[in-house]
Amino acid sequence: MEHERNIYSDNDMWNRGTEKPVPETREISEAGEPETYSCGCGNTNPEDFHVNDDKGEVSCNQCGTLILSNMIDPSAPTRRFSSTDPSVDNAHYGAPASNLFADKGLRTTFNPMEADKKDRQKSFILKRINQQTVTNKERNLAVALRDIERVISRGGLTKSVHQEAVNVYRDAVDLQLIRGRSIEGMVAASIYTACRIRGVPRSLDEIADLTRTGRKEIARNYNTLKKNIIRLKRMPPTTPDQYLSRYIFALNLSLKVQNRAQDLLKTCFDGGMNQGRNPIGVVAACIYIACVDCDERRTQRQIARELEITEVTIRNRYKEAMAILNANKSKVEIENSDE
Ligand SMILES: [Zn+2]
């Protein structure tokens, strides 16, 4: 398979980096003059700006304003490659291995047309053997991990959720949990699980919307995952607080309402309202009551649409919540009168 590649020929572009030292920070420009920045707050002192080379950002130390972002490093590459000079180390490495790809980012590919003429026949054979010896697991992962990536980006979920979902799915494959179940269903369940592990819970319906799976299948697969993967057994149950801040933001409500709703939620749950109820319904009722208390009116219809539940559910949970809150209030009054 060895053949000469002349991609890295000796030319000015690649050698430039070895001729003169690369400036360490962008504060010193090529001419040796300090870079000048100016901020809206009147700060022009070059010492008073923070240059973050890793992020490519410059910010003002006085007021914190971001002056520059997405800066491009104009310096020449420091590596030198040569096909003729044997003293040059031509070794080059790609991105680090990543769990996010079925092959961890280390692909084995054969391109017979790129090989020497005498090696071409051998290369064709190797290519075919390579394709034939792919295991079921690799083939499964290749489909599933692409699916996970697509759903994660559609749902606007974070990279940490992505990583977690891939880890859960890989565990499921290793434990042979995929057998007899659809890849799509397991992908959906892995993402649902990952969201819960990372504390950004999405409801079953939301995940079902992102995938071509029903909520029942996701719930069933989730239970399978939880039963078989040991580290998932220690996972704490989701608290409605984790949903609350999201919906407060979506309904454009103030922090005051959020704090009030949080108190109400705690009272309702201490009063035993979570038994056999969809927590979203309880959250909806508490948001509604908090809105009324804080004089930031949202109709039941608005809340129902944002939380994707029916108005009837909100009204029922509202009645139950009010019963608990009133009982609690009278209990507090009795305790106060006792003192
Ligand atoms: Zn400033």
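From a predicted model like this one, the values you see are computed outputs, not experimental measurements.

Participant: Please explain the overall build of the protein chain as it appears in this structure.
Facilitator: Check the secondary structure of the protein chain and you find 13 helices and three strands. Buried residues in the protein chain amount to 34% of all 339 residues. Within the protein chain, contacts between residues at least 6 apart in sequence are counted, and of these 59% link residues at least 24 apart.

Participant: Help me out: how do you make sense of the side chain of S59 in this one?
Facilitator: Relative to the helices and strands, S59 is located in strand 2 (residues 57–60). Ignoring sequence-local partners within four residues, the contact set of S59 consists of F49, H50, G64, T65, L66 and I67.

Participant: Would you mind going over the packing of helix 9 (residues 240–250) against helix 10 (residues 255–270) with me for this structure?
Facilitator: In a packed pair of helices, the relevant descriptors are the angle between the two axes and the axis-to-axis distance. Between helix 9 and helix 10, the shortest axis-to-axis distance is 11 Å and the interhelical angle comes to 150°. Overall, the two elements helix 9 and helix 10 adopt an arrangement that is roughly antiparallel. As for the relative orientation of helix 9 and helix 10, their crossing is right-handed in sense. On helix 10, the residues touching P240, D241, L244, S245 and I248 of helix 9 are V257, Q258, A261, Q262, L265 and F269. Residue composition of the contact of helix 9 with helix 10, grouped by class: seven nonpolar, three polar and one charged.

Participant: Teacher, can you tell me more about the coordination of the zinc ion here?
Facilitator: Tetrahedral metal sites with four donors have an ideal angle of 109.5 degrees; octahedral sites with six donors have ideal angles of 90 or 180 degrees. Around the zinc ion, the protein contributes the donor atoms C39 (SG), C41 (SG), C60 (SG) and C63 (SG), which lie 2.2 to 2.3 Å from the metal centre. A relative accessible area of 11% means that C39 is categorised as buried.

Participant: Help me out: how do you make sense of the pairing of strand 2 in this one?
Facilitator: Each regular strand shows side chains that alternate between the opposite faces of the sheet. The pairing of strand 1 (residues 49–52) with strand 2 spans four bridges and is classified as antiparallel. Residue F49 lies in a different strand from strand 2, and its bridge partner there is C60. Counted along the chain from strand 1 to the antiparallel partner strand 2, the turn is four residues long, and its residue G56 has a positive phi close to 70°. With two bridges connecting them, strand 2 and strand 3 (residues 66–68) associate as antiparallel partners. Bridge pairing in strand 3 links S59 to L66. Connecting strand 2 to the antiparallel partner strand 3 that follows it, the hairpin turn spans five residues, and G64 within it adopts a positive phi of roughly 85°.

Participant: Please explain the packing of aromatic side chains as it appears in this structure.
Facilitator: The way to describe two aromatic rings as a pair is by their centre distance and the angle between their planes. Under the definition given, this model contains three aromatic pairs. Ring geometry for Y288 versus Y318: centroids 5.4 Å apart, planes at 80°, classification edge-to-face. Placement of the pair is Y288 in helix 11 (residues 279–294) and Y318 in helix 13 (residues 311–338), with a sequence separation of 30 residues.

Participant: Hey, could you run me through a positive patch on the surface in this one?
Facilitator: A surface patch of like charges, here positive, comprises R181, K216, R220 and K227. Mapping R220 onto the fold places it in helix 7 (residues 215–228).

Participant: Would you mind going over the confidence of the model for the protein chain with me for this structure?
Facilitator: Atomic detail in the predicted coordinates should be set aside for any region of low pLDDT. Per-chain confidence: the protein chain averages 80 in pLDDT, with 87% of residues scoring 70 or above. For the stretch residues 1–33, pLDDT sits under 50, and the model shows 54 contacts to residues farther than four places along the chain or on other chains.

Participant: Please clarify how the sheet that holds strand 3 should be interpreted in this entry.
Facilitator: Strand pairing within a sheet occurs via backbone hydrogen bonds; the two strands may be parallel or antiparallel. With antiparallel pairing, three strands are arranged side by side in an open sheet as 1-2-3. This sheet does not close on itself; its edge strands, each paired only once, are strand 1 and strand 3. On average, each strand axis in the sheet is tilted by 30° relative to the strand beside it, whichever way the strands run.

Participant: What is the right way to look at the state of the cysteines in this model?
Facilitator: Scanning the entire structure with this criterion turns up zero disulfides. Counting only cysteine sulfurs, C286 is the nearest neighbor of C268, a cysteine outside any disulfide, at a range of 3.9 Å.

Participant: What's the story with the pattern of salt bridges in this structure? I'm lost.
Facilitator: Any two side chains of opposite charge can pair if their charged atoms end up close together. Tallied over the entire structure, the rule returns eleven salt bridges. The residue E184 makes a salt bridge to R212 at a minimum N-O spacing of 3.4 Å. Of this pair, E184 sits in helix 5 (residues 183–197) while R212 sits in the loop between helix 6 (204–210) and helix 7, and the two are 28 residues apart along the sequence. Owing to a relative accessible area of 31%, E184 belongs among the partly exposed residues under this scheme.

Participant: Got a minute to help me understand unusual backbone geometry in this structure?
Facilitator: Excluding glycine, residues mostly carry a negative phi; peptide bonds, for their part, are mostly trans. Unlike most non-glycine residues, Q176 shows phi in positive territory, near 60°. Structurally, Q176 can be placed in the loop between helix 4 (159–174) and helix 5. Unlike most non-glycine residues, E308 shows phi in positive territory, near 55°.

Participant: How should I be thinking about helix 3 (residues 136–154) in this particular structure?
Facilitator: Each full turn of the α-helix corresponds to 3.6 residues, which orients residues three or four apart in the same direction. Its 19 residues place the ends of helix 3 27 Å apart at the C-alpha level, agreeing with the 27 Å of an ideal helix rising 1.5 Å per residue. Those residues of helix 3 that sit buried are N140, L141, A144, L145, D147, I148, V151 and I152. Considered in projection along helix 3, the buried side chains sweep an arc of 165° and stay on one side of the axis. Set apart from the buried face of helix 3 by more than 90 degrees, the exposed residues are R146, S153 and R154. Contact partners of the buried residues in helix 3: helix 4, helix 5 and helix 6.

About the thresholds
Residues numbered from 1 in each chain as written. Predicted model: local features only at pLDDT ≥ 70, side-chain atom pairs only at ≥ 80, totals over all residues. Heavy atoms only, no water. Helix = DSSP H or I, 4+ residues; strand = E, 2+ residues; numbered from the N terminus. Buried < 20%, exposed > 50% of the residue type's maximum accessible area, 1.4 Å probe, protein only. Contact = heavy atoms within 4.5 Å. Axes fitted to C-alpha atoms, helices over the stretch in contact; angles between N-to-C directions. Parallel < 35°, antiparallel > 145°, perpendicular 65-115°, else oblique. Left-handed = near helix turned anticlockwise from the far one by under 90°. Nonpolar A, V, L, I, M, F, W, Y, C, P; charged D, E, K, R; others polar. Donors = N, O, S within 2.8 Å, 3.2 Å for Na, K, Ca; no water. Pairing = 2+ DSSP bridges. Phe/Tyr/Trp six-rings, centres within 6.5 Å; stacked < 30°, edge-to-face > 60°. Patch = residues over 30% accessible without salt bridge, like charges linked within 9 Å, V, L, I, M, F, W, Y side chains within 5 Å. Areas by Shrake-Rupley, 256 points an atom, 1.4 Å probe, with all protein chains shown as cover. Salt bridge = Lys/Arg side-chain N within 4 Å of Asp/Glu carboxyl O. Lys, Arg positive; Asp, Glu negative; His and termini not counted. Charge placed at Lys NZ, Arg CZ, Asp CG, Glu CD. pLDDT = per-residue confidence, 0-100. Disulfide = S-S within 2.5 Å. Expected span 1.5 Å × (residues − 1). Arc of directions from axis to C-beta.

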